[in-house]
Amino acid sequence: HGQLVESGGGLVQAGGSLRLSCAASITRFSIKAMGWYRQAPGKQRDMVASITNGGRTNYADSVKGRFTISKDVAKNTVYLQMKSLKPEDTAVYYCAADRGISFVTPDYWGQGTQVTVSS
């Protein structure tokens, strides 16, 4: 199995920006889609954004226009640029990888990185 390691979380004021990174051991597992889920305390884990090997992206409605997912294939790294952050974006953000393209039930998960947005 490969592994995913997130970084870039932290505390930011509302309206600010953060960029999350996810370093993946791509050579150890075959994936067709990668992206991000997030989970706030007491809430379910929800999909935030995904990107396929071909570069097709999907976003949750709540983050469209504010978040951008991208990847650097050479570095085996996926990014989530988050702008205009809101307190409701506060959550643990998990990088995930899927051997399929749906990104509904990812096969691999990172450890999570905390994003906290203050009012």
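See the structure above.
Structure report, in brief. (Residues numbered from 1 in each chain as written. Predicted model: local features only at pLDDT ≥ 70, side-chain atom pairs only at ≥ 80, totals over all residues. Heavy atoms only, no water.)

Of the regular secondary structure elements, the protein chain holds 0 helices and 11 strands. Put simply, the protein chain runs from its N terminus to its C terminus through helices and strands in the order β-β-β-β-β-β-β-β-β-β-β. Relative to the 2.2 N^0.38 estimate, which gives 14 Å for 119 residues, the radius of gyration of the protein chain is 13 Å and therefore close to what a compact globule would have. Structurally, the protein chain occupies a C-alpha span of about 40 × 25 × 25 Å along its principal axes. Relative to its 119 residues, the protein chain shows a buried fraction of 43%. Sequence-distant contacts in the protein chain: of pairs separated by 6 or more residues, those separated by 24 or more amount to 55%. Of the roughly 6300 Å² of accessible surface on the protein chain, 47% is carried by carbon and sulfur atoms. Of the charged side chains in the protein chain, 14 are positive and 8 negative; the average position of the first set lies 4 Å away from that of the second. (Helix = DSSP H or I, 4+ residues; strand = E, 2+ residues; numbered from the N terminus. Rg over C-alpha atoms; globule rule 2.2 N^0.38 Å. Buried < 20%, exposed > 50% of the residue type's maximum accessible area, 1.4 Å probe, protein only. Contact = heavy atoms within 4.5 Å. Areas by Shrake-Rupley, 256 points an atom, 1.4 Å probe, with all protein chains shown as cover. Lys, Arg positive; Asp, Glu negative; His and termini not counted. Charge placed at Lys NZ, Arg CZ, Asp CG, Glu CD.)

Here the structure, examined in full by the defined rule, presents 2 aromatic pairs. Between the aromatic rings of Tyr37 and Phe103, the centroid separation amounts to 5.3 Å while the plane-to-plane angle is 50°, which identifies the pairing as tilted. Of this pair, Tyr37 sits in strand E4 (residues 33-39) while Phe103 is found in the loop between strand E9 (91-98) and strand E10 (108-109), placing the two residues 66 residues apart along the sequence. The two residues Tyr37 and Phe103 agree in class, both being buried. Plain terms: the ring middles of Tyr37 and Trp109 are 5.1 Å apart, the flat faces sit at 65° to each other, and that makes the pair edge-to-face. With a gap of 72 residues between them, Tyr37 in strand E4 and Trp109 in strand E10 connect regions that are remote in the sequence. Among the residues examined, Tyr37 registers a relative accessible area of 7% and is labelled buried. Among the residues examined, Trp109 registers a relative accessible area of 35% and is labelled partly exposed. An aromatic cluster of three or more residues is present, and its members are Tyr37, Phe103 and Trp109. Against the face of Tyr94 rests Arg45, its NZ or CZ located 3.7 Å from the ring centre. The cationic tip of Arg45 hangs over the ring face of Trp109; the distance from NZ or CZ to the ring centre is 4.8 Å. (Phe/Tyr/Trp six-rings, centres within 6.5 Å; stacked < 30°, edge-to-face > 60°. Lys NZ or Arg CZ within 6 Å of the ring centre and 35° of its normal.)

A few words on unusual backbone geometry. Phi at Ser84 takes a positive value of approximately 50°, unusual for a residue other than glycine. For Ser84, the position within the fold is in the loop between strand E8 (77-82) and E9.

This part takes up the nonpolar core. Within the largest apolar cluster, 28 residues are counted, with the highest numbers of intra-cluster contacts made by Met34, Trp36, Leu80, Met82 and Tyr93. Ignoring any residue separated from it by four or fewer positions in sequence, one finds Tyr93 in contact with Glu6, Leu20, Trp36, Tyr37, Arg38, Val48, Phe67, Leu80, Met82, Gly112, Thr113 and Val115. (Core = buried A, V, L, I, M, F, W, Y, C linked by side-chain atoms within 4.5 Å.)

Across the two faces of strand E1 (residues 4-7) the burial differs, with Leu4 and Glu6 buried and Val5 and Ser7 not buried at all. By the bridge criterion, 4 bridges tie E1 to strand E3 (residues 18-24) in an arrangement that is antiparallel. Each bridged residue has a counterpart across the sheet, and for Glu6 the counterpart in E3 is Cys22. (Pairing = 2+ DSSP bridges.)

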